[in-house]
Each structure stands twice: as C-alpha cells, then as structure tokens.
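Notes for the structure review
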Amino acid sequence: MKNSILFKTVATVVFFSFLITPNFAQQQEPPKIDNEYQVGGVIFHQKAAEYRALAYQAFNLAKMRLDMDKKLRKKLPKSERKKPRAIIVDADETVLDNSPYFGKLIKTRQPLTIRSLFEWKKSGKAKAVPGSVEFLNYAKKKGVEIFYVSNVPSNFMEVTLKSLKQNGFPDAKESNVMLITNSSSKEPRRQKVAETHRILMLIGDSLNDLSVAFEGKSIQDRFTEVEKAKNLWGTKFIVVPNVMYGAWESAV
Ligand SMILES: [Mg+2]
C-alpha cells in the first residue's frame, strides 16, 4: 500500500514537473516504473458496465438539471437572467476517455509524461465518455454555450480540438477551449466565463474542475468541502467517475 502511494505521488510530481518544462522534447527517456496499481482503474473504465452506467447517470442528471433551468431562472435577478447561458466541462476523463493511454503506460511500465500524452492525443484515438456527446449537443441546441476548461498545456490546443471535433462535440473551437496558461488553477478561467455568461453547471472528474474550494487540500479537508457543498452535487456540480487517477492521489 505504502509503495503504491509512493508511486502515485512520484507519478504526480513527474507529471507536473513535465507540465512546467516547455522543451519536453529534449527530456530524457523516463525510467521504467511499476504502475501496476492502476490496473484495476483501467479495467473498470474499459470493462465494467457499471462505469458506463455511472457516466450515463452523470449526463442524465445534467440534462434533468438543464431542463429545470426554465423554472429556476424565474427566481434570478434580471441582470443574471439576461446573460447567455454556459456549461463548463473538463476534457480528460470527463468527456474524453484516455484509458487506452493509461493501459499502455502500465504495459510498458512508463510514467505519464507530457510527451507521450501529446502523442496519444495526436493519434486522435480518444473516444467520448458515454453520454457526453449527446448531452452537450442537447445543451447546445437549447442555446447553451459549452466551454472546455482543461489542464493540458497550451500547445495541446490543436490535438484537443481534433479529439473534440472527431467525436462530434459542440463548440470545439479555440475560443471555447481554455487550456493552462499561467495558472493550473481553473478558477481564473471559470471567472472569465462568468464575466459574460451565467454558468448553469460544471462537469468534471476531479473536484478541482468544479471549485477552487477543493484545491490543494488534505484528505480530511477535501471531505469537509464535499460536505459543505452537499446540495450542489447533481445540481450545479456533476461528477463523472474516474478511478484511474486524480487530485486525490496527491492528497494521499
Ligand atoms: Mg479530467
């Protein structure tokens, strides 16, 4: 157990150190690692019908909430009501399934690196998370603008757009895809959307996709914040399952 925690921590540190290294092409080949602990997570994503059911459940809830907005908006101040509506979604493991990439890392005993992640994305093989394309196109048809807020570096724009377009996601254009620039916190990007739009809901596989309240917190504080936001789960915050990796790893 201790070992797997250590590997998770090392993998996270390696990932983020690559994120802030612009010339990743010049990095040396990473050392072989034991990432066996992720096997269960990858199998769950690829072979458990429960995973598929949970994903549909998340997007069905999102649709129900969107349909309720007609009624709910009547209670809002006029200035808010007049704003165009938006939904913020994360990309990886929220609308795009990268489990084949993580499966390959286990097989080849490689850590996640920005270089191999880029190659995977460039391949265009990432499929949509079940229910995501249908829901986001439904929202688009209802006049809601979709913003993709993702924590891959800004040079991933082209490959991200390619994956989104290939899978038929709406608003797959540069103005609506917000990648990391200065800060890995998604809060400034959320605020930017909120300047012009009324954000109906946020959808993500990591709590950091939803609110700044969860960022950089210990395990206990993350639990506390989830309790505080009790009424927002399934209403404003929609969580898509991801048992392969997450912010919980660094909390552990
Ligand atoms: Mg994600």
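Heads up: the structure comes first, above all this text.
Procedures and definitions
Residues numbered from 1 in each chain as written. Predicted model: local features only at pLDDT ≥ 70, side-chain atom pairs only at ≥ 80, totals over all residues. Heavy atoms only, no water. Helix = DSSP H or I, 4+ residues; strand = E, 2+ residues; numbered from the N terminus. Areas by Shrake-Rupley, 256 points an atom, 1.4 Å probe, with all protein chains shown as cover. Donors = N, O, S within 2.8 Å, 3.2 Å for Na, K, Ca; no water. Buried < 20%, exposed > 50% of the residue type's maximum accessible area, 1.4 Å probe, protein only. Contact = heavy atoms within 4.5 Å. Core = buried A, V, L, I, M, F, W, Y, C linked by side-chain atoms within 4.5 Å. Patch = residues over 30% accessible without salt bridge, like charges linked within 9 Å, V, L, I, M, F, W, Y side chains within 5 Å. Salt bridge = Lys/Arg side-chain N within 4 Å of Asp/Glu carboxyl O. Pairing = 2+ DSSP bridges.

Quick look at the overall build of the protein chain
- On a plain count of helices and strands, the protein chain comes out with eleven helices and seven strands.
- Element-wise, carbon and sulfur atoms account for 56% of the exposed surface of the protein chain, whose accessible area totals about 13500 Å².

A closer look at the coordination of the magnesium ion
- Those protein atoms acting as donors to the magnesium ion are Asp90 (OD), Asp92 (O) and Asp205 (OD), and they sit at 2.1 to 2.2 Å.
- Mapped onto the sequence, the residues coordinating the magnesium ion show the spacing D-x1-D-x112-D. Of this pair, Asp90 sits in the loop between strand S1 (85-89) and strand S2 (96-97) while Asp205 sits in the loop between strand S6 (198-204) and helix H10 (219-228), placing them 115 residues apart in sequence.

Thoughts on helix H5 (residues 99-108)
- Along H5, the positions that sit buried rather than exposed are Ser99, Tyr101, Phe102, Gly103, Leu105 and Ile106.
- The secondary structure elements touched by the buried residues of H5 are helix H2 (39-47), S2 and helix H6 (114-122).
- Looking one or two residues past H5, Arg109 carries a phi angle of roughly 55 degrees, positive in sign.

Here's the deal with the nonpolar core
- In terms of nonpolar packing, the biggest core is built from 48 residues, with Ile87, Phe135, Leu136, Tyr148 and Ile203 touching the most fellow members.
- If one sorts the elements of this core by residue count, helix H3 (residues 49-72) sits on top with six residues.
- In this structure Ile203 touches Phe59, Ala62, Ile87, Ile88, Val89, Asp90, Thr94, Phe135, Leu210, Ile238 and Val240, once residues within four positions along its chain are discounted.
- One finds Ala86, Ile88, Leu202 and Phe214 within the second-largest nonpolar core, a separate group that totals 13 residues.

So, a nonpolar patch on the surface
- On the surface, a nonpolar cluster with roughly 280 Å² of combined accessible area is contributed by Ile219, Phe223 and Val252.
- Here Val252 shows up in the segment after helix H11 (247-251).
- A relative accessible area of 44% means that Val252 is categorised as partly exposed.

Here we look at the pairing of S1
- Burial analysis of S1 places five of its five residues in the buried class, the great majority of the element.
- Of the two faces of S1, the one holding Arg85, Ile87 and Val89 and the one holding Ala86 and Ile88 are both buried throughout.
- With five bridges connecting them, S1 and S6 associate as parallel partners. What sits directly across from Ile88, in S6, is Leu202.
- Pairing analysis gives four bridges linking S1 to strand S4 (residues 145-153), with the strands arranged parallel. The residue bridging Ala86 from the neighbouring strand is Glu145, located in S4.

Things to note about the side chain of Ser163
- Here Ser163 is to be found in helix H8 (residues 157-166).
- Not counting residues up to four positions away in its chain, the partners in contact with Ser163 are Leu96 and Lys121.

Observations concerning the pattern of salt bridges
- In this structure the tally under the stated criterion is 13 salt bridges.
- Here Asp69 and Arg198 are joined by a salt bridge, their closest N and O atoms 3.0 Å apart. Placement of Asp69 in helix H3 and of Arg198 in strand S6 is noted, with a sequence separation of 129 residues between them. Judged on exposure class, the residue Asp69 and its partner Arg198 are both buried.
- Across the salt bridge formed by Glu225 and Lys228, the nearest N and O atoms sit 3.1 Å from each other. Of this pair, Glu225 and Lys228 both sit in helix H10, three residues apart, roughly one helical turn.

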